[in-house]
Amino acid sequence: MGKAYVYTAFGGPEVETFIDRPAPEPGAGELLVAVRAAGVNPVDWKLRTGFRRPGAPPAQLPVAFGSEVAGIVERVGPGVEGFAPGDAVFGSSLTGGYVEHTLLPVTVAARKPAALSFTDAAALPVAAATAYDGVRQLDLPAGAVLLITGAGGGVGVAAIQIARVRGLRVVGVASEGKKDFVESLGAIHVPSGPDLAERVRAAAPDGIDAVYDLVGGDALEAAAGLLEDRSKLITAADRATVARLGGAGVERARTAAVLDEVAALVVDGRLTPHVTRTFPLEQAGPALRAVEEGHARGKVVIEVGA
Ligand SMILES: NC(=O)c1ccc[n+]([C@@H]2O[C@H](COP(=O)([O-])OP(=O)(O)OC[C@H]3O[C@@H](n4cnc5c(N)ncnc54)[C@H](OP(=O)(O)O)[C@@H]3O)[C@@H](O)[C@H]2O)c1
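If you're wondering where the values come from, they're calculated on a predicted model, not measured in any experiment. (Residues numbered from 1 in each chain as written. Predicted model: local features only at pLDDT ≥ 70, side-chain atom pairs only at ≥ 80, totals over all residues. Heavy atoms only, no water.)

Participant: Even after reading the chapter, I still don't get the overall build of the protein chain, so can you show me in this structure?
Facilitator: Scanning the protein chain for helices and strands turns up 10 helices and 16 strands. The C-alpha atoms of the protein chain give a radius of gyration of 19 Å, which matches the 19 Å a tight globule of 306 residues would have. Overall size of the protein chain, expressed as C-alpha extent along the three principal axes, is 60 × 40 × 35 Å. Across the 306 residues of the protein chain, 52% fall into the buried class. Contacts in the protein chain between residues at least 24 apart in sequence constitute 66% of all its contacts with a sequence separation of at least 6. (Helix = DSSP H or I, 4+ residues; strand = E, 2+ residues; numbered from the N terminus. Rg over C-alpha atoms; globule rule 2.2 N^0.38 Å. Buried < 20%, exposed > 50% of the residue type's maximum accessible area, 1.4 Å probe, protein only. Contact = heavy atoms within 4.5 Å.)

Participant: Please explain the domain arrangement of the protein chain as it appears in this structure.
Facilitator: Where interface size is given, it is often the accessible area lost as the parts come together that is meant. On domain assignment, one finds that the protein chain holds domain 1 (2-123 + 273-303) and domain 2 (127-249). Distance between the C-alpha centres of domain 1 and domain 2: 27 Å. Between domain 1 and domain 2, the contact holds 10 residues from the first and 11 residues from the second. Buried surface at the junction of domain 1 and domain 2, summed over both partners, amounts to about 770 Å²; 51% is from carbon and sulfur atoms. Among the residues of domain 1 in contact with domain 2, His274, Arg297 and Gly298 are the three that bury the most area, contributing 56% of the side total. Our enumeration of links across domain 1 and domain 2 arrives at 0 salt bridges. Taken together, the connections running from domain 1 to domain 2 amount to 5 residue pairs in polar contact (both at pLDDT 80 or more). (Domains from an automatic or database assignment. Buried area = accessible area lost by both parts, 1.4 Å probe. Salt bridge = Lys/Arg side-chain N within 4 Å of Asp/Glu carboxyl O. Polar contact = N/O pair within 3.5 Å; in protein donor to acceptor, adjacent residues only side chain to side chain.)

Participant: Got a minute to help me understand the environment of Pro125 in this structure?
Facilitator: Residue placement: Pro125 occurs in helix H3 (residues 124-138). Residues Pro125 and Ala256, spaced 131 residues apart in sequence, show a C-alpha to C-alpha distance of 9.2 Å. In this structure Pro125 touches Glu68, Phe90, Gly91, Ser92, Arg252 and Leu259, once residues within four positions along its chain are discounted.

Participant: Looking at this structure, how should I read H3?
Facilitator: With 15 residues, H3 extends 20 Å from end C-alpha to end C-alpha; this agrees with the ideal 21 Å at 1.5 Å per step. The element H3 is extensively covered by neighbouring structure, given that 13 of its 15 residues are classed as buried. Directly beyond the C-terminal end of H3, a positive phi value near 50° is found at Asp139. (Expected span 1.5 Å × (residues − 1).)

Participant: Even after reading the chapter, I still don't get the sheet that holds strand E13 (residues 233-235), so can you show me in this structure?
Facilitator: Hydrogen bonds along the backbone pair up the strands of a sheet, which may run parallel or antiparallel. In spatial order, the strands read E11-E10-E9-E12-E13-E14; together these 6 strands make up an open sheet with parallel pairing. Strands with a single pairing partner mark the edges of an open sheet, and in this sheet they are strand E11 (188-191) and strand E14 (248-249). By the bridge criterion, 4 bridges tie strand E10 (residues 169-174) to E11 in an arrangement that is parallel. Residue pairing across strands places Val173 opposite Val190, the latter belonging to E11. Each of strand E9 (145-149), E10 and E11 touches helix H6 (residues 196-203); the most contacted strand, E11, lies at about 160° to it. (Pairing = 2+ DSSP bridges. Axes fitted to C-alpha atoms, helices over the stretch in contact; angles between N-to-C directions.)

Participant: Teacher, can you tell me more about H6 here?
Facilitator: Owing to its 3.6 residues per turn, the α-helix aligns residues three or four sequence positions apart on the same side. Residues of H6 that are buried: Leu196, Ala197 and Val200. Each buried residue of H6 sits inside an arc of 95° when the element is viewed along its axis, so together they form one side. For H6, the exposed residues lying more than 90 degrees away from the buried face are Glu198 and Ala202. (Arc of directions from axis to C-beta.)

Participant: Looking at this structure, how should I read the pairing of strand E1 (residues 2-7)?
Facilitator: Walk down a regular strand and you will see the side chains alternate between the two sheet faces. Of all 6 residues in E1, 5 are buried, a share of seventy percent or more. Looking at chain direction, E1 and strand E2 (residues 16-21) are connected through 6 bridges and run antiparallel. Within E2, the residue paired with Tyr7 across the bridge is Glu16. Summarising the sheet, E1 and strand E4 (residues 63-64) pair through 2 bridges and their orientation is antiparallel. In the strand pairing of E4, Tyr7 is matched with Val63.

Written out as structure tokens, the structure is:
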């Protein structure tokens with residue numbers, strides 16, 4: 001049996017609780033992993049409220065929170081090649097992240113480089129990989145100017161760094177309190193809030209070439225207004241608004257190859273996940289609150305068995 005932090009119904013934090021559950025059985029192409037660290041993401045609380053990803057099957061309650069982990073392979077399912085018990089891995093989990101045991105499909109699992117901590121590795125499959133996918137989707141030439149909203153959050157800090165690796169100039173929109181943080185990553189900081197367009201024009205007088213939105217709503221609308229070529233407008237946060245504005249949602253690759261590429265950037269020192277807060281599994285609720293309040297700085301990670 002192992003501990004799992006779950007939601008038992010759709011709703012607010014009151015539907016969250018711990019349960020004990022048997023370790024899941026690895027099916028064909030799956031790894032049973034003893035979780036050492038799990039990333040916390042906004043989608044975790046959104047799913048609890050009843051949000052469903054397009055095409056996703058109905059949730060079978062109770063559902064364990066979390067979808068990105070790093071840990072140690074305990075068993076491999078039928079047909080698995082290239083992984084063995086004892087391997088340190090990270091990836092996108094099928095059966096939760098705020099848990100002691102979970103399943104990773106090998107298609108979205110990668111070996112954890114020894115130089116990468118479990119805590120940093122757990123921050124990569126959702127946030128850093130989404131940043132990577134979005135910057136690649138925009139396919140901008142070196143020197144182009146990319147505006148990132150929500151630049152100081154989990155995806156944003158990775159997006160700034162990955163864009164800088166590609167030689168882009170970055171304007172990062174974040175609250176005033178994150179100015180130094182965003183600038184330390186190599187972006188020009190622009191404070192968020194009303195009249196955003198004016199401040200961006202002042203910070204980038206020659207204009208911007210693309211937008212990677214991580215906030216949605218008014219911030220996305222304001223950013224879109226600065227961009228003539230809406231093929232260079234993408235969001236990870238608000239597909240409905242971006243479709244109306246002529247842009248697109250980020251296309252997630254969700255492959256082991258992307259995990260390897262993102263991990264290599266960390267090992268090379270070109271990408272720092274910036275895990276700014278860690279919580280033990282017993283504090284999964286406060287960890288989720290730290291993201292749900294909407295103003296996380298970098299990544300929040302739950303450490304399991306710490
Ligand atoms: N499609 C996918 O596969 C995918 C994957 C990952 C994430 N996402 C989505 O992408 C979004 C960002 O994810 P994340 O992990 O980076 O979230 P996060 O860590 O919570 O960061 C979001 C940032 O948005 C800023 N923010 C919040 N409210 C704002 C407002 N009203 N105006 C301006 N800025 C505001 C906050 O910064 P300040 O404190 O500076 O305000 C915060 O740092 C979320 O909607 C998430 O669900 C989608």
